[in-house]
Amino acid sequence: MKDTQNPIALRSREWLTNALLELMKNKPFREISISEIAEKADLSRRTFYRSFSSKVICFHLETIWRTGALQLSADKDHSYFHTIRWYLELWYEHKELALLLYRNDLMSLLLQEYNHLFHEVYLMRKSNYPLARQSEAMKYALSYSVGGLLNILWQWASEGMQKSPEEVANLLMVAIQLPDRE
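Residues numbered from 1 in each chain as written. Predicted model: local features only at pLDDT ≥ 70, side-chain atom pairs only at ≥ 80, totals over all residues. Heavy atoms only, no water.

S.K.: Go over the environment of Ala-38 with me, naming the residues and quoting the values.
M.R.: Inspection of the secondary structure assignment puts Ala-38 in helix 2 (residues 34-41). Sequence spacing of Ala-38 and Glu-62 is 24 residues, and the spatial spacing of their C-alpha atoms is 20 Å. What Ala-38 contacts, discounting residues up to four positions off in sequence, is Leu-16, Leu-43, Ser-44 and Arg-45. (Helix = DSSP H or I, 4+ residues; strand = E, 2+ residues; numbered from the N terminus. Contact = heavy atoms within 4.5 Å.)

S.K.: So what's going on with the packing of aromatic side chains? Residues and values would help.
M.R.: Throughout the structure, instances matching the rule amount to five aromatic pairs. Measuring from centroid to centroid gives 6.0 Å for Trp-65 and Trp-91, while their planes differ by 75°, and the two rings are edge-to-face. Remark: Trp-91 occurs in helix 5 (residues 80-93) and Trp-65 occurs in helix 4 (residues 56-73); sequence separation between them is 26 residues. On the basis of relative accessibility, which here comes to 1%, the residue Trp-65 falls in the buried class. Of the residues examined, Trp-91 reaches a relative accessible area of 1% and is grouped as buried. Aromatic rings pair up to connect Trp-65, Trp-86, Tyr-87 and Trp-91 into one cluster. (Phe/Tyr/Trp six-rings, centres within 6.5 Å; stacked < 30°, edge-to-face > 60°. Buried < 20%, exposed > 50% of the residue type's maximum accessible area, 1.4 Å probe, protein only.)

S.K.: Explain the pattern of salt bridges to me, and be specific about the residues and the numbers.
M.R.: For the structure shown, the criterion picks out seven salt bridges. Among the salt bridges present, the one from Lys-25 reaches Glu-22, with a minimum N-O distance of 2.8 Å. By relative accessible area, which is 38% here, Glu-22 ends up partly exposed. Note that Lys-25 is salt-bridged to Glu-96, the shortest N-O span being 2.9 Å. Here the residue Lys-25 occupies a position in the loop between helix 1 (7-24) and helix 2, and Glu-96 occupies one in helix 6 (residues 95-103), the gap between them amounting to 71 residues. Residues joined in a network through salt bridges with shared partners are Glu-22, Lys-25 and Glu-96. (Salt bridge = Lys/Arg side-chain N within 4 Å of Asp/Glu carboxyl O.)

Structure representation (structure tokens):
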């Protein structure tokens, strides 16, 4: 994605993102061309290339995460349960997108986003914990957590995200045998 604050460019990105999401409802991601995205957005291919250096979906995912991280940073409850519930609620808000990613075998796109975001989330929530001062150990701990959270979303989406975020969070607490609100 190319960095810009130009309102026209940002609006074009939004239109391209919405066009891709609409196309994914009826066609697998891998079969969607840039021309189709641009045409659906009523923009030129040139505008697409000026706006993005990769597929539109990565921009959309980054936008969701940045918005979610801002909400989380204002939150005073730093418990594990609450943080997990934030993650699940964020995806529940974007349930249609999660299901589209799952149906189109694109959940792996989240891995790169998660690897960047969860370092920020950890520092935001637990910066005074000893792990925050051990960068080598933290890389491995976050890799472990990222994989687990991605797979939780994957499992939840495979079931159509029928359970509420609270139900999934409670199931996770049982699975890892932590007290509910530790």
